[in-house]
Amino acid sequence: MKFFVDTADVEAIRDLNDLGMADGVTTNPSLILKSGRDILEVTKEICGIVSGPVSAEVVALTADEMIAEGRKLAEIAPNIAVKVPLTWDGLKTCKVLTGEGHMVNVTLCFSANQALLAAKAGATFISPFIGRLDDINLDGLDLISDIRTIYDNYGFDTQILAASIRTANHVAQCAMIGADVVTAPPAVIKSLANHVLTDKGLDQFMQDWAKTGQTIL
Ligand code: G3P
């Protein structure tokens, strides 16, 4: 399963990329606002850090304007994936831009039917938002499972890019279900290594090693 980093914080991206844990990056208008930087400038810098897909989102609402914005974003670098919302205008934009050879990530997906439409529109990635479904007491992971079943039933190539990841459990469950990618905030990715028994066991090893009086170097 691929890990994409869900942020426009270039230092956090660089840190995870150095660890081999950044197979790509996703941004959105809220993450660009949080970065405090110009979208074209920060996206270009991110594309220079990671070799995998970097999602940059259009902000227009009509297909014609989305297509124009998407073409401009795609000019930034070869690894740009143009992000479009799951609306009919977004699906039309997806069809046009994938037809021109661009990667497209269809975002703000909250139902299996929406994911089915995105696959039929030729989406490279579909971004179902797990955390925001959980927020309204629905089970976001059930959606990932439903999309996996549908895509496998019909052999769709669209990659499931599980988004709105809030916990380490989301990551593990997405891997069990068979999502192709998870995109998670840097802190969630970093938390995947944490376990209280690892800390406890290492502490005991260090205490016992100290008692040997030995050194390795
Ligand atoms: O890429 C989508 C992601 O940024 C949304 O996450 O936590 O705002 O629902 P969240």
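Only a predicted model underlies this, so the values are computations on that prediction, with no experimental measurement involved.

What counts and how
- Residues numbered from 1 in each chain as written.
- Predicted model: local features only at pLDDT ≥ 70, side-chain atom pairs only at ≥ 80, totals over all residues.
- Heavy atoms only, no water.
- Pairing = 2+ DSSP bridges.
- Helix = DSSP H or I, 4+ residues; strand = E, 2+ residues; numbered from the N terminus.
- Axes fitted to C-alpha atoms, helices over the stretch in contact; angles between N-to-C directions.
- Contact = heavy atoms within 4.5 Å.
- Near = heavy atom within 4 Å.
- Polar contact = N/O pair within 3.5 Å; in protein donor to acceptor, adjacent residues only side chain to side chain.
- 1 Å grid on protein atoms, 1.4 Å probe; cavity = no way out; pocket = protein on both sides within 12 Å on 5 of 7 lines; lining within 4 Å.
- Sits in = over half its atoms within 2 Å of the grid points.
- Nonpolar A, V, L, I, M, F, W, Y, C, P; charged D, E, K, R; others polar.
- Core = buried A, V, L, I, M, F, W, Y, C linked by side-chain atoms within 4.5 Å.
- Buried < 20%, exposed > 50% of the residue type's maximum accessible area, 1.4 Å probe, protein only.

### Here's the deal with the sheet that holds strand 6 (residues 125-128)
Next, step 1: The strand order around the closed barrel built from eight strands is 1-2-3-4-5-6-7-8, with neighbouring strands paired in parallel fashion. Put simply, the sheet's adjacent strands are angled 30 degrees from each other on average, direction ignored.
Next, step 2: Sheet analysis places strand 1 (residues 2-6) next to strand 8 (residues 181-184), joined by four bridges and oriented parallel. Residue Phe 3 lies in a different strand from strand 8, and its bridge partner there is Val 182.
Next, step 3: Across the face of the sheet, helix 6 (residues 112-120) comes into contact with strand 5 (103-109) and strand 6 while running at roughly 165 degrees to strand 5.

### Observations regarding the site of the ligand
Next, step 1: Contacts to the ligand come from Asp 6, Asn 28, Lys 83, Phe 129, Arg 132, Ser 164 and Arg 166.
Next, step 2: Contact distances for the ligand include 3.0 Å between an oxygen atom and a side-chain N or O atom of Asn 28.
Next, step 3: Between the ligand and the protein, one listed contact pairs an oxygen atom with a side-chain N or O atom of Arg 132 at 2.6 Å.
Next, step 4: At a threshold of 2 Å from the grid points, most atoms of the ligand map onto the largest pocket.
Next, step 5: Among the residues making up the shell around the ligand, the classes are represented as one nonpolar, two polar and four charged.

### Notes on the nonpolar core
Next, step 1: In this structure, Ile 46, Val 106, Ile 126, Ile 165 and Cys 174 are the most contacted members of the largest nonpolar core, which totals 58 residues.
Next, step 2: The biggest single contributor to this core is helix 8 (residues 140-154), with six residues.
Next, step 3: Once you skip the residues sitting within four places of it in the chain, Ile 165 turns out to touch Ile 130, His 170, Val 171, Cys 174, Val 182, Thr 183, Ala 184, Pro 185 and Val 188.
Next, step 4: Ranked by size, the runner-up nonpolar core spans five residues in total, among them Phe 4, Ala 81, Phe 125 and Val 181.

Interpretation in functional terms is not warranted from these geometric data alone.
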